[in-house]
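Tertiary structure, described
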Amino acid sequence: MTPEQLQDVVRTAVGAVVDRGALPVEVPDEVVIERPKNPEHGDYATNVALRLAKPAGRPPRQVAEVLAEELRAHEGIATVDVAGPGFLNITLAKGALGGLAVRAVTAGAAYGRTDAFAGQKLNLEFVSANPTGPVTLGSTRWAAVGDALGRLLEATGAQVSREYYVNDAGAQIERFGRSLQAVAHGRPVPEDGYQGDYVETVAQQVVAENPGLLELPDDEQLTVFADRGVAAMVAEIRSTLDGFGVHYDRFFSERTLHESGALEKAVGRLREQGHVFEADGAVWLRTTTFGDDKDRVLVKAGGEPTYFAADCAYYLDKRARGFERVVIMLGADHSGYVGRYKALVAATGDDPEHHLEILIGQLVNLVKDGEPVRMSKRKGNFVLLTDLVDAVGIDAARYALARASVDQQIDIDADLWSRKTNDNPVFYVQYAHARISSLLRNAADLGLPLGEAADVDVAALAHPRESDLLRAIGEFPRVLASAAELRAPHRVARYLEELAGTYHRFYDSCRVLPRGDEEATSLTTARLWLCAATATVLRNGLDVLGVTAPERM
RNA sequence: GCGCCCGUAGCUCAGCGGAUAGAGCACCGGACUUCUAAUCCGACGGUCGCAGGUUCGAAUCCUGCCGGGCGCGCCA
């Protein structure tokens, strides 16, 4: 029996009690089934009696007793105890848990997937680093977390489109072009230009691809350097992210918004809504109407549209493409944008709480030899995605970034994450998978295939370590659903660490394969299924995080 | 000054109003003729920053304060 099925059983029990007039309450839509930490509290526990006590006007324990009596009649339930303030501690009938192993193996890659968010169409925008330089460590956090969140939402049935907004318009692009041009001519970059070795590389590439470029008139040169330089950077960023296992559905060019007249249309739409005004020669959006700190300029006094105006057009474009929900992931250094974005959405007439979601991720440091690796964008020696991957590898990089809550600033210790020991959480989890893979290979060598699901004696799995593992496996669908709902991929990582630990403890106390001349029994087969089920969950969970599940280590 | 995030074991961090607050690491003590010991078991370790409030119940929600990070442009 899965936790979801038990939830239905409990709800039905409440309904039955209410129907016969034993409890004067409304039947709740949701009852909470949790997995108690303390094994003495049964396989599962529910606080439903505590919840219903007040509306029923009865003491919680009394309500609990009535419900316990009803639940005990269910064939899948062995015992129900009323404990503490009024918890119902439920122990399932022998074999009711074991079915989870068969269910997981049978479902395979689909195990854990639900339809919790079926029908939702989301646009996920993340990284969107400026195309004037390589992908930095800060952006890498979102590459890992954003992609994992995308996979997580897909696993819960949502339709997800991953998008990268390319800021290929505006003054910064011109500055970038000037920097490339200067370097190409062997001159120092301008005061406000871009520093770093990559500037030299890109400049040389542009020159190589455009013979005669350096002889063109100055302004024509600049255009080529800017255009081709940005194109080269976008290509490099894209390929870096592809190599990191992060693939986008679309790279959306800001410039196309300028060229198509989308900005004017967006400003027009906002004007129609009555939130645009003119002052000091500029065109403003009255975002303060919707809680922003100050009003924002859409078109500068000089006639140039602002970045914010492009944001408006971009948002409207996403909505016009049918996305019900626009999710944007930003670094903490952009947290000041939330207010104006929300206001912007409200100003278009949309609901900022429903149509827009902005996730803020705190900063990341790479630590080497106990010292944070210094980042200085001005000097051009900032830490890059590639530096992190060089230091710890792709799997560890993605896992380290995805296992922490985005609300938490993190230090990634290069030494720890590149270590091949159990200090390193990603190895701990991957090792569990490799260990099971090895065991299943040995089983096959011994002529012990898993066989048919119908033949598995699931009731044989009665050891406490087996029950622990089965309960953990049974949690997986709920872990994915709640992690998706909370936009918290790190919960999947933490769950996997717990599952790996539960497996290792099972392995330690429960021999799976027969030794010597022992005969394989029905328990052998049941345990093989349990191992295979664990491997399935580890694989599916790691896949959500974009981390490999190795068969050998 | 204002806004957002954080403050939980020596360290790094989990903990979407529930039971005795957890894990890994570090330190100490154990377990390999046995399916991968990259593992497991035990011990040690806490005023959940402080003070109020809401609640049957608060690390979790609310308010104030203290400490740290980030942000507050007609930059992007």
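Each residue is numbered by its place in its chain's sequence as written, counting from 1. Written order determines the labels here, with chains lettered from A and ligands numbered from 1. Owing to the predicted nature of the model, reporting of local features is limited to residues with pLDDT of at least 70; listing and counting of side-chain atom pairs is limited to 80 or more, with chain, interface and lining totals taken over all residues. The side-chain figures draw on all heavy atoms in the structure; neither hydrogens nor water molecules are used.

Our working rule: UniProt positions are given in the numbering used here, feature names are shortened, and annotations may be inferred rather than shown by experiment.
As annotated in an unreviewed UniProt entry, chain A carries the name Arginine--tRNA ligase and is attributed to Blastococcus aggregatus. Check the Catalytic activity (unreviewed entry) section of the UniProt entry for chain A; it says "tRNA(Arg) + L-arginine + ATP = L-arginyl-tRNA(Arg) + AMP + diphosphate". According to its UniProt record, chain A has this under Sequence similarities (unreviewed entry): "Belongs to the class-I aminoacyl-tRNA synthetase family."

Notes on the confidence of the model for chain A
Selection criterion: A score from 0 to 100, pLDDT tells how confident the predictor is in each residue.
With 99% of its residues at a pLDDT of at least 70, chain A reaches an overall mean of 92. Here the predicted complex scores 0.95 on pTM and 0.95 on ipTM.

Some words on the layout of surface pockets
Quick note on the threshold: A cavity here means a set of 1 Å grid points, computed over protein atoms only, where a 1.4 Å probe fits but cannot escape. A pocket is an open set with protein on both sides within 12 Å along at least 5 of 7 lines, and lining residues have an atom within 4 Å of a point. Grid points are joined across faces, edges and corners, and a volume is the space filled by probe spheres set on the points. Elements are defined by DSSP. Helices are runs of H or I of four residues or more, strands are runs of E of two residues or more, and each kind is numbered from the N terminus. The domain limits used here are those given by an automatic or database domain assignment.
For the second largest pocket, the calculated volume is near 950 Å³. Lining the second largest pocket are 30 residues, with E4, P477, R478, V479 and A481 positioned closest to its centre. Breaking the lining of the second largest pocket down by element, the ones donating at least two residues are α1 (3-19), α4 (99-107), α17 (464-485) and α18 (490-509). With seven residues, α17 is the single largest residue contributor to the lining of the second largest pocket. Split by domain, the lining of the second largest pocket shows at least three residues from each of two domains, domain 1 (3-92) and domain 3 (420-544).

Notes on the pairing of strand β9 (residues 282-285)
The criterion, for reference: A 1.4 Å probe rolled over the protein chains alone gives each residue an accessible area, and that area as a share of the maximum for its type sets the label: buried under 20%, exposed over 50%, partly exposed in between. We treat two strands as partners when DSSP finds at least two bridges between them.
The alternating pattern of β9 places A282 and W284 on one face and V283 and L285 on the opposite face, and all of these are buried. Two strands pair when backbone bridges link them, and strand β8 (residues 276-279) and β9 are joined in this way by four bridges, in the antiparallel orientation. Bridged to A279 within β9 is A282. Taking the residues that link successive antiparallel strands as the turn, the β8-β9 hairpin has two residues, and the phi of D280 there is positive, at about 55°. As paired strands, β9 and strand β10 (residues 296-299) are joined by three bridges and run antiparallel to one another. Bridging from a neighbouring strand, V283 pairs with V299 of β10.

Regarding the sheet that holds strand β6 (residues 159-166)
How we decide: Between the N-to-C directions of two axes lies an angle of 0 to 180 degrees, each axis being a line fitted to C-alpha atoms and, for a helix, fitted only over the stretch in contact. We call two residues in contact when some of their heavy atoms are within 4.5 Å.
Strand order in the open sheet made by the five strands is β7-β6-β5-β11-β12, with parallel pairing throughout. Single-partner strands in this sheet number two, and they are β7 (250-253) and β12 (356-361). The average angle at which neighbouring strand axes cross in this sheet is 25°, direction not considered. Pairing geometry for β6 and β7, over four bridges, is parallel. Among the inter-strand pairings, E163 is bridged to a residue of β7, identified as R250. Helix α5 (residues 137-155) contacts β5 (121-125), β6, β11 (325-331) and β12 of the sheet and is inclined by roughly 155° relative to β6. Set on the sheet, helix α11 (residues 307-320) makes contact with β5, β6, β7 and β11; between it and β6 the angle comes to about 155°.

A word on unusual backbone geometry
Of note in this structure, S128 is not a glycine but carries a positive phi near 40°. At R487, a position not held by glycine, the phi torsion is positive, near 55°. Relative to the helices and strands, R487 is located in the loop between α17 and α18.

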